[in-house]
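Survey of secondary and tertiary structure
What follows is each chain in one-letter form.
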Amino acid sequence: MRALVIQHDHVSPPGPIAERLEDRLVEVVCHQVVPEESFDHPGVPPAFPDVTGFDLVIPMGAPWAAYDVERVGSWVGPEVELLRQADAAGIPVLGICFGGQLLALAHGGDVARSPMPEIGWVAIESDRPALVPPG
């Protein structure tokens, strides 16, 4: 089994996610979108591997927001399309933080600035606690 972990920058590594996959003998292929030297100007040309060569795709977090088109717009659209391709091919996708924003866009959702930052762990509530318990 092969997992594509999309690491958007050098300060948001896959850490425990990759470790848990490797513990389960999953081959983890990390693809870094923005090289360290481009961190302050992350609008780099898009370049992504063919998603059909993987059994799982995990787009990770990033210090940017998916709606910040002026800064990262050069590669957000192509990555959203990659996630759509994964879905069409039946490849599971787990979006974490920024990756979740991209996944929402890929499936027709919206991403907008929150009135207050949501960084780290937060308590949640659900209208369907049997599906998503509070905590």
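Just above sits the structure.
Residues numbered from 1 in each chain as written. Predicted model: local features only at pLDDT ≥ 70, side-chain atom pairs only at ≥ 80, totals over all residues. Heavy atoms only, no water.

Before going further, it helps to spend a moment on the pattern of salt bridges. Here the structure, examined in full by the defined rule, presents four salt bridges. Here Arg20 makes a salt bridge to Asp23, at a shortest N to O gap of 3.2 Å. Of this pair, Arg20 and Asp23 both sit in helix 1 (residues 15–23), three residues apart, which is roughly one turn of that helix. For Arg20, a relative accessible area of 40% gives the class partly exposed. Look at Asp23 and you get exposed, because its relative accessible area is 52%. Close ionic contact of Arg84 with Glu81 constitutes a salt bridge, the shortest N to O distance being 3.5 Å. Pair noted here: Arg84 and Glu81 are both in helix 2 (residues 69–88), with a separation of three residues, about one helical turn. Using a relative accessible area of 37% as the deciding quantity, one classes Arg84 as partly exposed. In this structure, a network of salt bridges that share partners links the residues Glu19, Arg20 and Asp23. (Salt bridge = Lys/Arg side-chain N within 4 Å of Asp/Glu carboxyl O. Helix = DSSP H or I, 4+ residues; strand = E, 2+ residues; numbered from the N terminus. Buried < 20%, exposed > 50% of the residue type's maximum accessible area, 1.4 Å probe, protein only.)

Residues Leu56 and Ile58 of strand 3 (residues 56–59) are buried on one face, and the alternating residues Val57 and Pro59, pointing to the opposite face, are buried as well. When strand 1 (residues 2–7) meets strand 3, the two strands line up parallel, connected through four bridges. Counted as the bridge partner of Ile6 is Pro59 from strand 3. (Pairing = 2+ DSSP bridges.)

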